[in-house]
Amino acid sequence: MTTTMTKTITTTDRRDTSARYRPTVGDILFRVGNYALFALFALICAYPFYYLIINSVSANDVSALGDVRLWPVGFHLSNYAQVFQLPGLPMATVVSIGRTVLGTLLTVLASAFLGFMFTQTRMWGRKFWYRFLIITMYFSAGLIPVFIIMKTLGLTNNFWVYVLPFVVQPFNVILAKTYVESMPKELQEAAEMDGANILQVFFRVYLPNMTPILATIAIFSAVTQWNSFQDTLIYITDQSLYTLQYLLYMFINQASSLAQAAQNAGGNLGQIAGVATEQTPTSIRMTVSVLVVLPIIFIYPLFQRFFVKGIMLGAVKG
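Bear in mind the structure is a predicted one, so any value in this text is a computation, not a measurement.

Trainee: Explain the packing of helix 8 (residues 170-181) against helix 11 (residues 211-227) here, please?
Mentor: How two helices sit against one another is set out by the angle between their axes and by the gap between those axes. Between helix 8 and helix 11, the shortest axis-to-axis distance is 10 Å and the interhelical angle comes to 170 degrees. Classified by the angle their axes make, helix 8 and helix 11 are roughly antiparallel. In this structure, helix 8 contributes F171, N172, L175, A176 and Y179 to the contact, and helix 11 contributes P212, I213, I217 and F220. For the contact of helix 8 with helix 11, the per-class residue count stands at eight nonpolar, one polar and no charged.

Right, here's the structure in full:
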């Protein structure tokens, strides 16, 4: 009897709830407008990437005139084939992937550990070291002193110049510290009662529970490392240590110079027409941009579910 009454009450409650929250015409119009607005916004955000792709696979003479807007014209993949034949490209790709992976791992680990340590009241000079780290966000020694330091440390023409200067980033440490402060202190107290030392508390208790903020820091670091090319320009002269971005940047400059030479040749275009018409600055820029952007686009979906949570919980407070 009781079971029957319970089922009857539950069914009645569900009917009342569905009747109570039945959407009105205004609600439906609002939802449709909402979806349409966000779909339009998503299209606006995605179109620049789509524009790069369709221009990179279209006929070079058509893309140079700016006539490719909605779909490819004269589809071909020769642009990618020629870019991949660029001398030194395989080694530059390895260098870029190596600095991105290694730099991201070290940055995530250092940010998490420092963020954790700055929450420990037992740390000697905790407030001083934290403020000393934060002040570096606002003041820099300048390019020449930094170059002298790197040269003195033997980091010029050295792969580690891509990694070591970026390991400790104040903003990432702030995110990690704020996230650790949002975690219950009872976790550390329980671990210490079981005999865990400070490193065991960090690696076994806190680090496994910091996935959202670690994913956020990993995205920031990976994007910075992958897109960076100025450090190659400043510190590297050894061609075997060129990054992919710097090598493609040089290729773009060469293509622009070639196109300019073709224009300056005037009536004697026949001597260089075979080379000049094979590629245009526009087609090379589009192809290079696609190659540089695509890896980062593929990374974002992997960390998207952690990114919003991490950036909210790790946001700066007070």
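Trainee: For this particular structure, what's the right way to read the packing of aromatic side chains?
Mentor: One pair of aromatic rings is described through two measures. These are the centre distance and the angle between the planes. As enumerated under the stated definition, the model contains 16 aromatic pairs in all. Note on Y47 and Y51: the rings are 6.0 Å apart at their centroids and 45 degrees apart in plane angle, and the pair reads as tilted. Here Y47 and its partner Y51 are both found in helix 2 (residues 25-56), four residues apart, which amounts to about one turn of the helix. Looking at K177, its charged tip hangs above the ring of Y130, at a distance of 4.9 Å from the centre.

Trainee: Mind showing me how you'd approach the environment of S221 here?
Mentor: Locating S221 in the fold gives a position in helix 11. Residue classification places S221 among the buried residues on the basis of a relative accessible area of 6%. Sequence-wise, S221 and Q169 are 52 residues apart; in three dimensions their C-alpha atoms are separated by 9.1 Å. Aside from chain neighbours lying at most four places away, what touches S221 is G103, T104 and T107.

Trainee: Any chance you could explain unusual backbone geometry here in plain terms?
Mentor: For residues besides glycine, phi is generally negative; the peptide bonds are generally trans as well. Here the phi dihedral of N157 falls at roughly 55 degrees; this positive angle occurs in a residue that is not glycine. Position of N157 relative to the elements: it lies in the loop between helix 7 (143-152) and helix 8. Judged by its relative accessible area of 35%, N157 is partly exposed.

Trainee: When you look at the environment of K151 in this model, what are you seeing that I'm missing?
Mentor: One can find K151 in helix 7. Counting along the chain gives 10 residues from K151 to V161, while the straight-line C-alpha distance between them is 9.9 Å.

Trainee: Can you help me understand the UniProt feature "transmembrane region" (unreviewed entry) in the protein in this one?
Mentor: The UniProt record annotates "transmembrane region" (unreviewed entry) at residues 32-53, 96-116, 128-153, 159-180, 201-223 and 284-303. End C-alpha to end C-alpha, residues 159-180 measures 32 Å, and it is 50% helix and 0% strand.

Trainee: Just to check I follow, could you spell out the nonpolar core for this structure?
Mentor: Nonpolar side chains in soluble globular proteins generally cluster together in the buried interior. In terms of nonpolar packing, the biggest core is built from 33 residues, with V161, Y162, I236 and L248 touching the most fellow members. Residue assignment for this core shows that the elements contributing at least two residues are helix 4 (78-84), helix 5 (89-117), helix 13 (244-264) and helix 15 (281-313). With seven residues, the single largest contributor to this core is helix 15. Once you skip the residues sitting within four places of it in the chain, Y162 turns out to touch V95, R99, Q225, D231, T232, I236, L241, Y242 and T243. Among the nonpolar cores identified, the runner-up in size contains 19 residues, and A112, F116, Y206 and A218 belong to it.

Trainee: Please explain the pattern of salt bridges as it appears in this structure.
Mentor: When the charged atoms of two side chains lie near each other, side chains of opposite charge can form a pair. One pass over the structure, following the stated rule, counts three salt bridges. Here R99 ties to D231 by a salt bridge, and the two come within 2.7 Å at their closest N and O atoms. With a gap of 132 residues between them, R99 in helix 5 and D231 in helix 12 (residues 230-235) connect regions that are remote in the sequence. Taken as a pair, R99 and D231 share a single burial class, namely buried. Across the pair K177 and E181 runs a salt bridge, and its minimum N-O distance is 2.6 Å. Of the two residues, K177 and E181 are both situated in helix 8; the distance of four residues between them amounts to about one turn of the helix.

Trainee: Explain the side chain of Q245 here, please?
Mentor: Residue position: Q245 is located in helix 13. Exposure remark for Q245: the relative accessible area of 8% places this residue in the buried category. Polar side-chain contacts of Q245 include one of 3.3 Å to the side chain of S96.

Trainee: Explain the layout of surface pockets to me, please; I cannot follow it from the model alone.
Mentor: Where empty space is left in the structure can be found by rolling a water-sized probe over the atoms. Here the largest pocket defines a volume of roughly 890 Å³. Within the residue set of the lining of the largest pocket, elements represented by two or more residues are helix 7 and helix 12. With four residues, the top contributor of residues to the lining of the largest pocket is helix 7. Split by residue class, the lining of the largest pocket holds 18 nonpolar, four polar and one charged.

Trainee: Quick question: what am I supposed to make of helix 6 (residues 126-134) here?
Mentor: Among the residues of helix 6, Y130, L133 and I134 are the ones counted as buried. Projected down its long axis, helix 6 carries its buried residues within an arc of 100 degrees, all on one side. Of the exposed residues in helix 6, those oriented more than 90 degrees away from the buried face are F128 and R131. On its buried face, helix 6 is in contact with helix 8.

Scoring rules and cut-offs
Residues numbered from 1 in each chain as written. Predicted model: local features only at pLDDT ≥ 70, side-chain atom pairs only at ≥ 80, totals over all residues. Heavy atoms only, no water. Axes fitted to C-alpha atoms, helices over the stretch in contact; angles between N-to-C directions. Helix = DSSP H or I, 4+ residues; strand = E, 2+ residues; numbered from the N terminus. Parallel < 35°, antiparallel > 145°, perpendicular 65-115°, else oblique. Contact = heavy atoms within 4.5 Å. Nonpolar A, V, L, I, M, F, W, Y, C, P; charged D, E, K, R; others polar. Phe/Tyr/Trp six-rings, centres within 6.5 Å; stacked < 30°, edge-to-face > 60°. Lys NZ or Arg CZ within 6 Å of the ring centre and 35° of its normal. Buried < 20%, exposed > 50% of the residue type's maximum accessible area, 1.4 Å probe, protein only. UniProt positions renumbered as here; feature names shortened; annotations may be inferred. Core = buried A, V, L, I, M, F, W, Y, C linked by side-chain atoms within 4.5 Å. Salt bridge = Lys/Arg side-chain N within 4 Å of Asp/Glu carboxyl O. Polar contact = N/O pair within 3.5 Å; in protein donor to acceptor, adjacent residues only side chain to side chain. 1 Å grid on protein atoms, 1.4 Å probe; cavity = no way out; pocket = protein on both sides within 12 Å on 5 of 7 lines; lining within 4 Å. Points joined across faces, edges and corners; volume = space filled by probe spheres on them. Arc of directions from axis to C-beta.

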